[in-house]
Amino acid sequence: MGLGFSSIHWREAWKYGERAFRYCQLDLGHVLAALSYAAALHGWKPRLSGMEFASLAHSLGMDRSADFDGVEGEEAEVIVALEAAEATVPSDWQHWAGKPSLLDPRPLYQWPVIEEVATATRGRSPVSASASAYSPPASIDRGDIRAAHVILKRRSAQAFDGVSTMPLEVLHHILHCLLPGGSPVWELWTAAARVHPVLLVHRVEGIAPGLYVMPRTARAEVSLRGAFRETFDWQTVATELPLFQLIAARAGKTARTLSCHQDIAMQSAVTFMMVAEFAAPIAADSAAYRHLHWEAGMLGHIITLEAEAAGWRGTGIGCFFDDAVHEVLGLQDDQFQVLYHYAVGRALDDPRISTLPAYD
């Protein structure tokens, strides 16, 4: 059995303009991570298909130009095979029914750069190779909680209380899950880790407020040390994690400024900045631009599920000032690039929002 995924860029572009392409790619990372958790619960092995774009588009019916005439385009992204590791992905379907519907008959503005970037970044989908065995982190006491409960009740926070302090074990658990082998996600996404979390810590037990980094590979640690500001301390703060303090300082206002002046980045207990190895992977394969965003989205999804299970809540922050982040970190070029911000804190419920059961 296979699951295919596509993006309709206009679903984001009507609101976010040219950022829509990045947001669709980040969303796909969340989708792949969600699928990984669900497959693990059922005992399935998800595998990425590794198909060329033309074959992928044909398999998903995205090349039916007559059916898509006069409606918003739909971009083929990836097919994931489920079942055993040796399962194959069908290369064709026998029959397509229905026609795509028009979403916006009177768009106020078009963003042609989105299609340009989509065309420039098409390529072969990643392939799932042999992965390191899933090694769950040491459990923390969460009471009697079920995975389905966590997954179905997960929401993005609209605001944080700005005062709650996160237990150190919760942060360490989340960070462990981001490392290779620490989550079921890394059984699907078996490529070498190329996106690394930089943390703006505000309120975590036992850790001074400040700027931290967790390189997800030893090779990346060497590269980041060479690219980041020379004055950073690189002080080890966890024996079981490659977590380093770069500078001790109250970082709330910095987090807010870097995240397009959004208060939620300051009111969190910790805000993550996903910094990717950028120039070299894209020079080798332009499709890596998509895949790096997928990886950043996967990190965000792991953070939000693990935070939710521990009684905290996360929210993605797709708007940030690239140049300002580079200035804070001391980056001089595009060897590394920030792709995503993600904040975790104690959420405040908005009484104007109603929550209804998702399923009967």
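A brief structural summary. Sequence positions are assigned chain by chain, starting from 1 and proceeding in written order. Reporting in this predicted model follows two pLDDT cut-offs: at least 70 for local features of residues, and 80 or more for side-chain atom pairs to be given and counted; totals over whole chains, interfaces and linings ignore these cut-offs and use all residues. Excluded from the side-chain calculations are hydrogens and water; all other atoms, namely the structure's heavy atoms, are used.

With that out of the way, let us pick up the overall build of the chain. Each helix and strand in the chain was counted, giving 13 helices and 10 strands. Computed over C-alpha atoms, the radius of gyration of the chain comes to 21 Å, within 12% of the 21 Å expected from 2.2 N^0.38 for 360 residues, which places it in the range of a compact globule. If one aligns the C-alpha atoms of the chain with their principal axes, the spans along those axes are about 60 × 45 × 45 Å. Three exposure classes are used, based on accessible area relative to the maximum for each residue type with a 1.4 Å probe and protein chains only: buried under 20%, partly exposed in between, and exposed over 50%. For the chain, the residues scored as buried account for 48% of the 360 residues in total. Look at the contacts in the chain between residues 6 or more apart in sequence, and 81% of them connect residues 24 or more apart. Values of accessible area rely on a 1.4 Å probe in the Shrake-Rupley scheme; residue burial ignores everything except the protein chains shown. Put simply, the chain shows about 17400 Å² of open surface, and 52% of that area lies on carbon and sulfur atoms. In this text, helices come from DSSP runs of H or I with a minimum length of four residues, and strands from runs of E with a minimum of two, each type numbered from the N-terminal end. Within these notes, the globule rule equals 2.2 Å times the number of residues to the 0.38 power, and the radius of gyration is based on C-alpha atoms. For this analysis, residues touch if any pair of their heavy atoms sits within 4.5 Å.

This next bit is on the pattern of salt bridges. Should a side-chain nitrogen of Lys or Arg be within 4 Å of a carboxyl oxygen of Asp or Glu, the pair is scored as a salt bridge. Counted according to the given criterion, the structure contains 12 salt bridges. One salt bridge connects Glu 52 with Arg 124, and the closest N-O pair in it is separated by 3.0 Å. With Glu 52 in the loop between β2 (47-48) and α3 (53-59) and Arg 124 in the loop between α4 (112-120) and α5 (147-153), this pair connects stretches of sequence that are 72 residues apart. By relative accessible area, which is 39% here, Glu 52 ends up partly exposed. Taking the shortest distance from any N to any O, the salt bridge between Arg 352 and Asp 350 comes out at 2.8 Å.

Two strands qualify as a pair provided that DSSP identifies no fewer than 2 bridges between them. Within the open sheet, the seven strands sit side by side as β6-β7-β5-β4-β8-β10-β9. Their pairing is antiparallel. Only two strands of the sheet have a single neighbouring strand rather than two, namely β6 (235-236) and β9 (313-317). Across eight bridges, strand β8 (residues 270-277) lies against strand β10 (residues 336-345) in antiparallel orientation. Paired with Met 273 across the bridge in β10 is His 341. Lines fitted to the C-alpha atoms define the axes, with helices restricted to the stretch that makes contact. Angles between their N-to-C directions range from 0 to 180 degrees. Helix α8 (residues 218-227) contacts β4 (195-201), β5 (210-213), β7 (244-248), β8 and β10 of the sheet and is inclined by roughly 105° relative to β10. In the packing of helix α13 (residues 322-329) onto the sheet, the strands contacted are β4, β5, β8 and β10, and the crossing angle to β10 comes to about 90°.

Both β5 and β7 contribute to a ladder of four bridges, which runs antiparallel. If you follow Leu 211 over to β7, its bridge partner there is Ile 247. Here two bridges tie β6 to β7, and the two strands are oriented antiparallel to one another. Note that in β7 the partner of Thr 236 across the bridge is Phe 244.

Positive phi is not limited to glycine here, since Trp 234 has a value of about 55°. You can see Trp 234 is positioned in the loop between α8 and β6. Positive phi, normally seen in glycine, also occurs at His 261, with a value near 60°. With respect to the helices, strands and loops of the structure, His 261 is situated in the loop between α9 (252-258) and α10 (264-267).

For the rest of this paragraph, the subject is the sheet that holds β2. A sheet is described by the order of its strands in space; here three strands give the open sequence β1-β3-β2, paired in antiparallel fashion. The open sheet has two edge strands with one neighbour each: β1 (2-7) and β2. Bridge count between β2 and strand β3 (residues 75-81): two bridges; the pairing is antiparallel. By the bridge assignment for β3, Leu 48 is matched with Val 80.

On to the side chain of Arg 203, then. Along the polypeptide, Arg 203 turns up in the loop between β4 and β5. Although Arg 203 is buried, it makes no salt bridge; Asp 161 carries the closest opposite charge, 5.7 Å away. Any pair of nitrogen or oxygen atoms within 3.5 Å is treated as a polar contact; in protein, a donor-acceptor pairing is required on top of that, and neighbouring residues in sequence qualify only through side-chain atoms on both sides. Of note is the side chain of Arg 203, whose polar atom sits 2.9 Å from the backbone oxygen of Gln 267. Within this scheme the basic residues Lys and Arg register as positive and the acidic residues Asp and Glu register as negative, but His and the chain ends are omitted.

Time to look at the packing of aromatic side chains. Paired rings are identified among Phe, Tyr and Trp, the last through its six-membered ring, by centres lying within 6.5 Å, and are further divided according to the angle between planes into stacked (under 30 degrees), edge-to-face (over 60) and tilted (the rest). As enumerated under the stated definition, the model contains nine aromatic pairs in all. Aromatic side chains Phe 21 and Tyr 289 sit 6.3 Å apart centroid to centroid with 15° between the ring planes, which places their arrangement in the stacked category. One end of the pair, Phe 21, is in helix α2 (residues 20-42); the other, Tyr 289, is in helix α12 (residues 288-309), with 268 residues separating them in the sequence. Note on accessibility: Phe 21 and Tyr 289 belong to one class, buried. Relative to Trp 111, the ring of Tyr 109 lies with its centre 4.7 Å away and its plane at 70°, an arrangement referred to as edge-to-face. One aromatic cluster is present, built from ring pairs that chain together Phe 228, Phe 232, Trp 234 and Phe 244. A cation sits over an aromatic face here: Arg 216 above Trp 186, 4.7 Å from the ring centre. A ring has a charge above it when a Lys NZ or an Arg CZ is no more than 6 Å from the ring centre and no more than 35 degrees off the ring normal.

Before going further, it helps to spend a moment on the nonpolar core. Within this scheme, the nonpolar core is defined by two criteria: the residues are buried Ala, Val, Leu, Ile, Met, Phe, Trp, Tyr or Cys, and they are joined through side-chain atoms within 4.5 Å. Ranked by size, the top nonpolar core spans 64 residues in total, and within it Met 166, Leu 171, Leu 175, Phe 272 and Met 274 carry the most contacts. Among the elements that line this core, the one with the most residues is α12, at 11 residues. Those residues within four positions of Leu 175 in sequence are excluded, and the remaining contacts are Leu 199, Met 214, Leu 241, Leu 243 and Phe 272. Listed in part, the 28 residues of the second largest apolar core include Leu 200, Ala 255, Ile 264 and Ala 343.

Pairs of cysteine sulfur atoms within 2.5 Å are what we label disulfides. Going through the model one piece at a time under the given rule, you end up with one disulfide. Paired by a disulfide, Cys 260 and Cys 319 hold their sulfur atoms 2.1 Å apart. Given an S-S torsion of about -80°, the disulfide between Cys 260 and Cys 319 has left-handed geometry. Of this pair, Cys 260 sits in the loop between α9 and α10 while Cys 319 is found in the loop between β9 and α13, placing the two residues 59 residues apart along the sequence. Given a relative accessible area of 21%, Cys 319 falls into the partly exposed group.

Keep in mind these values describe shape, not function.
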